[in-house]
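So the chains spell out like this:
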Amino acid sequence: MKIRVVVADDFPLVREGVVRALNQDPGIVVVAQAENGQEALDVAEELHPDVMILDLRMPDLGGLAVLDKLRSTQPGIRVIVMTASEQASTLLDAIAAGAAGYLSKRSTGEELRQAVITAHGGGSVITPSLASHLLKEFSSSARGEQSAVRPLQGRELDVLRLVVQGKTDNEIGQELFISPRTVQNHLTRIREKTGLR
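Quick summary incoming for the structure in this document.

The rules behind the values
All residue numbers refer to positions counted from 1 along the written sequence of the respective chain. Given that the model is predicted, a residue must reach a pLDDT of at least 70 before its local features are reported, and side-chain atom pairs must reach 80 or more before they are shown or counted; all residues, however, enter totals for whole chains, interfaces and linings. Side-chain calculation: all heavy atoms of the structure are included, whereas hydrogens and water are not. Salt bridges are defined by distance alone: a side-chain nitrogen of Lys or Arg within 4 Å of a carboxyl oxygen of Asp or Glu. Segments assigned H or I by DSSP are reported as helices when at least four residues long, segments assigned E as strands when at least two residues long, and all are numbered from the N terminus. Each residue's exposure class comes from its accessible area (1.4 Å probe, protein chains only) as a fraction of the maximum for that residue type: buried when under 20%, exposed when over 50%, partly exposed otherwise. The pairing criterion for strands is at least two bridges between them, as found by DSSP. Any pair of residues with heavy atoms lying within 4.5 Å of one another is described as a contacting pair. Angles shown run from 0 to 180 degrees and are taken between the N-to-C directions of axes, each axis being a line fitted to C-alpha atoms and, for helices, limited to the stretch in contact. Working definition of a nonpolar core: buried Ala, Val, Leu, Ile, Met, Phe, Trp, Tyr and Cys residues. They are joined through side-chain atoms within 4.5 Å. An angle below 35 degrees is read as roughly parallel, one above 145 as roughly antiparallel, one from 65 to 115 as roughly perpendicular, and any other as oblique. Here is the rule for handedness: rotate from the far helix to the near one, and if that takes an anticlockwise turn smaller than a right angle the crossing is left-handed, while a clockwise turn gives right-handed. The classification used treats Ala, Val, Leu, Ile, Met, Phe, Trp, Tyr, Cys and Pro as nonpolar, Asp, Glu, Lys and Arg as charged, and all other residues, Gly among them, as polar. Only protein atoms enter the calculation, which uses a 1 Å grid: trapped sets of points that fit a 1.4 Å probe without letting it out are cavities, open sets showing protein on both sides within 12 Å along at least five of seven lines are pockets, and any residue with an atom within 4 Å of a point is a lining residue. Grid points are joined across faces, edges and corners, and a volume is the space filled by probe spheres set on the points. Handedness is read with the strands pointing away from the viewer; a crossover is right-handed when the path from the first strand over the helix to the second is clockwise.

What follows covers the pattern of salt bridges. Tallying each qualifying case throughout the model produces eight salt bridges. With a shortest N-O distance of 3.6 Å, Lys105 and Asp55 are connected by a salt bridge. Of this pair, Lys105 sits in the loop between β5 (101–104) and α5 (109–120) while Asp55 is found in the loop between β3 (51–54) and α3 (63–73), placing the two residues 50 residues apart along the sequence. The partly exposed category is assigned to Lys105, whose relative accessible area is 28%. Take Asp55: its relative accessible area is 5%, and that puts it in the buried class. If you follow the salt bridges from partner to partner, you end up with Asp9, Asp55 and Lys105 in one network.

Written out as structure tokens, the structure is:
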């Protein structure tokens, strides 16, 4: 079974580049493209893809609104945000809205393909250069600047550090000598404690 992907971006050249990069993997098939948020929702409703590559800034309906709608209507679609924005607030908003991944448009084709495979497998991917924002946010929260976060324990911190490095669940498991299932359990606790998705 191929991983079925929808690419949503308002710039045709960007869409074409993403499609071309994804088509290099025989296990991935792009089933549709969308040029705005409403079209992305319509295509998702019609085709039920496994993964959506989503730009945050699009006409008609922005990416965060699309994420919010998909989370309530089609939670099975794994969404990878791909954007030019490298602001911490944008990353945190996307993660909070339910994104399974967050890639910079500076990412390579190989990084994009691996992100799709990881997200489809239930993992999460954040461009390493942007992941430091997530750690800073957690660090601020842990110091009491935001009260909703409970401190992470040793193994949870180990898993979070490896996620920040862009490692997949399998890679984390191999490095820490634990199963991918145990990695997922740690990630679940991290999400509960931090309030992040």
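By way of backbone hydrogen bonds, the strands of a sheet pair with one another, either parallel or antiparallel. Strand order in the open sheet formed by six strands is β2-β1-β3-β4-β5-β6, and the pairing between neighbours is parallel. The sheet is open, and its two borders are formed by β2 (28–34) and β6 (125–126), each paired with just one other strand. Set on the sheet, α3 makes contact with β3 and β4 (78–83); between it and β3 the angle comes to about 160°. Helix α4 (residues 88–96) rests against β4, β5 and β6 of the sheet, and its axis sits at about 150° to β5.

Bringing the nonpolar core into the picture now. The biggest cluster of nonpolar side chains holds 26 residues, and the ones touching the most others in it are Met52, Leu54, Leu67, Leu70, Val79, Val81 and Tyr102. Looking at which element gives the most residues to this core, the answer is helix α2 (residues 37–47), with four residues. Not counting residues up to four positions away in its chain, the partners in contact with Val81 are Leu54, Leu56, Leu67, Ala94, Ala99, Gly101, Tyr102 and Leu103. In terms of nonpolar packing, the next biggest core, distinct from the first, is built from 20 residues, Val7, Ile28, Ile53 and Ala100 among them.

Between α2 and α3, the shortest axis-to-axis distance is 9 Å and the interhelical angle comes to 20°. Considering their axes alone, α2 and α3 lie roughly parallel with respect to each other. In this structure, the crossing between α2 and α3 has a hand that is right-handed. Counting all contacts with α2, which are made through Gly37, Leu41 and Ala44, the residues of α3 involved are Val66, Lys69 and Leu70. Classifying every residue of the contact of α2 with α3 by side-chain character gives four nonpolar, one polar and one charged.

On to helix α7 (residues 154–164), then. Among the residues of α7, those classed as buried are Glu156, Val159, Leu160, Leu162, Val163 and Val164. Residue Gly166 follows α7 closely and has a positive phi angle near 85°.

Here the focus is empty space enclosed by the protein. Enumeration according to the criterion identifies two cavities of 30 Å³ or more in this entry. The volume enclosed by the second largest cavity comes to roughly 40 Å³. Lining the second largest cavity are Val7, Ala8, Asp9, Val14, Val18, Ile53, Leu54, Asp55, Met82 and Lys105. Here the lining of the second largest cavity is composed, by residue class, of seven nonpolar, no polar and three charged.

Our focus in this paragraph is the pairing of β2. Note: strand β1 (residues 3–8) against β2, six bridges, orientation parallel. Directly across from Arg4, in β2, lies its bridge partner Val29. Chirality of the crossover, the property in question, places the unit of β1, helix α1 (residues 12–22) and β2 among those that are right-handed.

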